[in-house]
Structure formats: structure tokens, C-alpha cells
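Here is how the chains run, residue by residue.
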Amino acid sequence: MAAVVALPAFALELTSSVAEDEVPEKKRTSLGLYLNVQDAAAALEADPSIVFIDVRDPVEATLVGHPDPVDAFVPLQTITHEFNAEKGVYKSAPNPTFLVDVASVLEREGKSMGDAILITCRGGSVTAKAVNALSEAGYTNVWALYEGFEGGLDPETDHRTVDGWKNAGLPWSYKITEAQAWVPAD
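Residues numbered from 1 in each chain as written. Predicted model: local features only at pLDDT ≥ 70, side-chain atom pairs only at ≥ 80, totals over all residues. Heavy atoms only, no water.

Attention now moves to the pairing of strand S7 (residues 77-84). Here S7 pairs with strand S8 (residues 89-94) via five bridges, running antiparallel. When the sheet's bridge partners are listed, Asn84 is paired in S8 with Val89. Here S7 folds back onto S8 in antiparallel fashion, the turn holding four residues, of which Gly88 has a positive phi close to 70 degrees. (Pairing = 2+ DSSP bridges. Helix = DSSP H or I, 4+ residues; strand = E, 2+ residues; numbered from the N terminus.)

Spelled out as C-alpha cells, the structure:
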């Protein structure tokens, strides 16, 4: 069953064509609000005031790219210089100011905890963790772009070519604007 959340009368009603059982288990959230990238792009076009947050480390987004309409980068985790040889990647560490940073973006955008927020990451798994953290903090209208920016891995090539914002041909960039840049809370 697709989710529909009623927003205040002056705002767009956000709807999804995604049923929860279509979302991979590791990308599911406690709120159960999901958008595919096409639904998210349509919602943002209809109501550009919807807050759109990318929860990746901005360094990753600079190198991999990000959706053009992202309002801000607020990393759930930041990349460290500690190498994980088993996985062949650098480890990440939790961003201790994540909730404060999100609240700051909402304040800047004139929004509150009950307003619609779209969350994305690279492939959707970190998105789910971020949505769950926000839900635990009392946010109630947080939508997961479960496909992420680059989408899922193709099992034959091990490249991210299956779905996602970039693979859907939606507007994206490598360049982060000053308004989008992450400024950690003190």
C-alpha cells in the first residue's frame, strides 16, 4: 500500500507510488515513508520548499555527485582516514551533531519537525538509518529516497547502475553550492 501524508493546507500533499514490500529490508524505516526518485523529483518540482537533505559526507558527494535540488548536506557519518582492509574502504564515524545540524537546516528553511523532509544517500541504506534517527528524535514526516543517488549494485558488474537519481537522468552535479555545504554545529 502506497503512503499518503496530508500536509498543511498551503503545502503539497506528498504521495508515493512505492509500497513498503517493494523496499529492500535494509532500506526500510520505522516511519514507512518511501519515495522513488521519480516521485521525489515530481514532489520537489511541485513544491520546491520541501526540505531535501543528502546524508552523505560532502566529500563523497563532491566526488560522486549529488541531486541538484538538495538543500543541504548533513552527514549521518563522516569518512575517516582509518582503512578497513577487510572491506577495502575507509571507515566512517558517526556525526555527533547530526540532529542539531538537521534542526539548523530546518530553521534556516523556515520549517519544523512535522514538515516534509526528503532524505537521500548514495544507495539507500544510510538513508534508512538517518530517517530512523530522525524518527527517534520526534520527526514524523521524513521520506526515504530508498534508491539513493547512484542506486543499487548490479550483481554482474558490481557497479551502481540499477536505479537511483543519477541513473534516472534527473538533474545532478558534482559542485556543491555554499547554501548546500555542511557547516557542523559547534
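Axis separation between helix H3 (residues 98-109) and helix H4 (residues 125-136) bottoms out at 11 Å; the angle between their running directions is 80 degrees. Viewed along their axes, H3 and H4 adopt a mutual orientation that is roughly perpendicular. Each of Phe98, Leu99 and Val102 in H3 lies in contact with H4, whose residues at this interface are Ala130, Ala133 and Leu134. When the residues that make up the contact of H3 with H4 are grouped by side-chain class, the tally is six nonpolar, no polar and no charged. (Axes fitted to C-alpha atoms, helices over the stretch in contact; angles between N-to-C directions. Parallel < 35°, antiparallel > 145°, perpendicular 65-115°, else oblique. Contact = heavy atoms within 4.5 Å. Nonpolar A, V, L, I, M, F, W, Y, C, P; charged D, E, K, R; others polar.)

Looking now at the pairing of strand S9 (residues 117-120). On a regular strand, one side chain projects to one face of the sheet and the next to the other, so that they alternate. Here S9 shows two buried faces, one formed by Ile117 and Ile119 and the other by Leu118 and Thr120. Note: strand S4 (residues 51-54) against S9, four bridges, orientation parallel. By the bridge assignment for S9, Asp54 is matched with Thr120. For S9 and strand S10 (residues 142-145), the ladder comprises three bridges, and the chain directions are parallel. From the neighbouring strand, Ile119 faces S10, where its bridge partner is Ala144. One crossover worth recording links S9 to the parallel S10 by way of H4, and it is right-handed. (Buried < 20%, exposed > 50% of the residue type's maximum accessible area, 1.4 Å probe, protein only. Right-handed = clockwise from strand over helix to strand, strands pointing away.)

This paragraph deals with the side chain of His66. Within the fold, His66 resides in strand S5 (residues 66-67). His66 sits in the buried class, given a relative accessible area of 1%. Excluding anything up to four places from it in sequence, His66 contacts Asp54, Arg56, Ala61, Phe73, Phe149, Trp172, Ser173, Tyr174, Lys175, Ile176 and Gln180.

Attention shifts here to the layout of surface pockets. Counted as a void, the largest pocket has a volume near 950 Å³. What lines the largest pocket is a set of 31 residues, and nearest its centre among them are Glu60, Gln77, Arg122, Val126 and Arg160. Secondary structure elements with two or more residues in the lining of the largest pocket: helix H2 (58-64), S7, S8 and H4. For the lining of the largest pocket, the residue count by class is 11 nonpolar, nine polar and 11 charged. Reported here for the second largest pocket is a volume of approximately 180 Å³. Surrounding the second largest pocket, 13 residues form its lining, Asp101, Ser104, Val105, Arg108 and Val183 being those nearest its centre. Every element with two or more residues in the lining of the second largest pocket is listed here: strand S6 (72-73) and H3. Looking at the lining of the second largest pocket element by element, the count peaks at five residues for H3. Class assignment for the residues of the lining of the second largest pocket results in 10 nonpolar, one polar and two charged. (1 Å grid on protein atoms, 1.4 Å probe; cavity = no way out; pocket = protein on both sides within 12 Å on 5 of 7 lines; lining within 4 Å. Points joined across faces, edges and corners; volume = space filled by probe spheres on them.)

A few words on the packing of aromatic side chains. Enumeration according to the criterion identifies four aromatic pairs in this entry. Considering the side-chain rings of Phe52 and Trp165, the 5.7 Å spacing of their centres and the 45 degrees angle between planes classify their relative orientation as tilted. Linking Phe52 in strand S4 with Trp165 in the loop between S10 and strand S11 (172-173), this pair joins segments that are 113 residues apart in sequence. Trp165 matches Phe52 in its accessibility class, with the two residues each being buried. Between the aromatic rings of Phe149 and Trp172, the centroid separation amounts to 5.8 Å while the plane-to-plane angle is 65 degrees, which identifies the pairing as edge-to-face. Here the residue Phe149 occupies a position in the loop between S10 and S11, and Trp172 occupies one in strand S11, the gap between them amounting to 23 residues. (Phe/Tyr/Trp six-rings, centres within 6.5 Å; stacked < 30°, edge-to-face > 60°.)

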